Amino acid sequence: MPLTQKMDIIAHVHSDFRDKFGIPRQSSLVPELESVLIFEPEYRNMDALRGLDQFSHIWLIWQFSESVREGWSPTVRPPRLGGNERLGVFATRSPFRPNEIGLSSVQLRYIEDTKNMGPVIHVAGADLMDGTPVFDIKPYLPYVDSHPEADGGFTENYREYHLQVDFPEELMERVPDSKRKALCGVLAGDPRPAYQQDPDRIYGMNFAGYEVKFRVMADVLIVLDVQTGER
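Please read these numbers as outputs of a predicted model, since none were measured by experiment.

### Focus: the pairing of strand E3 (residues 57-63)
For E3, the tally of buried residues reaches five of seven residues, placing the bulk of the element in the interior. Of the strand pairs in this sheet, E3 and strand E6 (residues 101-114) are connected by seven bridges, and their pairing is antiparallel. If you follow Trp59 over to E6, its bridge partner there is Ser105. By the bridge criterion, five bridges tie E3 to strand E8 (residues 133-139) in an arrangement that is antiparallel. When the sheet's bridge partners are listed, Trp59 is paired in E8 with Lys138.

### A short note on the sheet that holds E3
Read around the barrel, six strands follow the order E1-E2-E7-E6-E3-E8 and close on themselves; strand pairing throughout is antiparallel. Across the sheet, the mean angle from the axis of one strand to that of its neighbour is 45°, orientation sign disregarded. Pairing between E6 and strand E7 (residues 118-124): seven bridges, direction antiparallel. Following the sheet pairing, Asp113 is matched in E7 by Pro119.

### Considering the packing of aromatic side chains
A complete count under the given rule lists six aromatic pairs for this structure. An angle of 10° between the planes, with centres 6.4 Å apart, marks the rings of Phe21 and Tyr203 as stacked. Here Phe21 is found in the loop between strand E1 (11-14) and strand E2 (34-39), whereas its partner Tyr203 is found in strand E10 (residues 203-207), with 182 residues between them in sequence. Note on Phe21: relative accessible area 27%, which makes it partly exposed. Put simply, the rings of Phe21, Tyr203 and Phe214 pair up and form one aromatic cluster.

### Examining the pairing of strand E12 (residues 220-228)
Sheet topology note: the strand E9 (residues 164-166)/E12 ladder contains three bridges and is parallel. Bridge pairing in E12 links Asp166 to Ile222. For strand E11 (residues 210-217) and E12, the ladder comprises eight bridges, and the chain directions are antiparallel. In the strand pairing of E12, Lys213 is matched with Asp225. In sequence, E11 turns back onto E12 through a hairpin of two residues, with Ala218 there showing a positive phi of about 55°.

### A word on unusual backbone geometry
Phi angles above zero are rare outside glycine, and Ser28 is one such case at about 70°. Residue placement: Ser28 occurs in the loop between E1 and E2. We classify Ser28 as partly exposed; its relative accessible area is 37%. Positioned with a positive phi, Ala208 is a non-glycine residue whose angle comes to about 55°.

### Some words on the environment of Arg93
Tracing the backbone shows Arg93 in the loop between strand E5 (87-88) and E6. Its relative accessible area of 62% is what places Arg93 among the exposed residues. For the pair Arg93 and Val76, spaced 17 residues apart in sequence, the C-alpha to C-alpha distance is 9.7 Å. Once residues within four sequence positions are removed from consideration, Arg93 is found in contact with Gln26 and Phe64. Of the polar contacts made by the side chain of Arg93, one reaches the side chain of Gln26; its length is 2.9 Å.

Cut-offs used in this document
- Residues numbered from 1 in each chain as written.
- Predicted model: local features only at pLDDT ≥ 70, side-chain atom pairs only at ≥ 80, totals over all residues.
- Heavy atoms only, no water.
- Buried < 20%, exposed > 50% of the residue type's maximum accessible area, 1.4 Å probe, protein only.
- Helix = DSSP H or I, 4+ residues; strand = E, 2+ residues; numbered from the N terminus.
- Pairing = 2+ DSSP bridges.
- Axes fitted to C-alpha atoms, helices over the stretch in contact; angles between N-to-C directions.
- Phe/Tyr/Trp six-rings, centres within 6.5 Å; stacked < 30°, edge-to-face > 60°.
- Contact = heavy atoms within 4.5 Å.
- Polar contact = N/O pair within 3.5 Å; in protein donor to acceptor, adjacent residues only side chain to side chain.

Note that every value here comes from positions in space, so none of it alone points to a role or purpose.
Dropping the structure here:
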């Protein structure tokens, strides 16, 4: 049966990532990351969320809004494989898909009933850029959604991958206390594309309104500067 109804955007995510660079490659990798979901006016109804606060985690179904393109390719180059090996698009979580739909499991922290914006959902661990459109929200059910014995395929080689972060104290002090753990978690996850291994290259990442400059030598990420950016 053909699709007869378009999907409506019900909400947008507001996070500390203004750009795609630096966003964790999967949800829940950096649990300290905090985001909020602001509903569109026609969906600002607390009745629609009745009972949701009984769950500790939720699924977000959203749009890769920065990856919309004409056409599609049956194979993609996963960044974790260095961009040199092609795999089937349906064997990856690449944003370049026949339909630009993403799926993330996040921790539900609390639901706030606000005067001007209606219900606002506060979540942790989201891998989403600021402004990401959300199509739907569903409760995470551990008795069916969790499969600890599952095989992770080629991603198993990167499960424990992380960098040591060398963050000078005088630079760390420029970042608010509430953002430090999340920022360090993002940096430890190695924001670089896997095919970029030049130890002399300096990278810039925007996080929570701060421009963070760093470079990576072997398995150590060295923070070089932190400056306040425009929000």
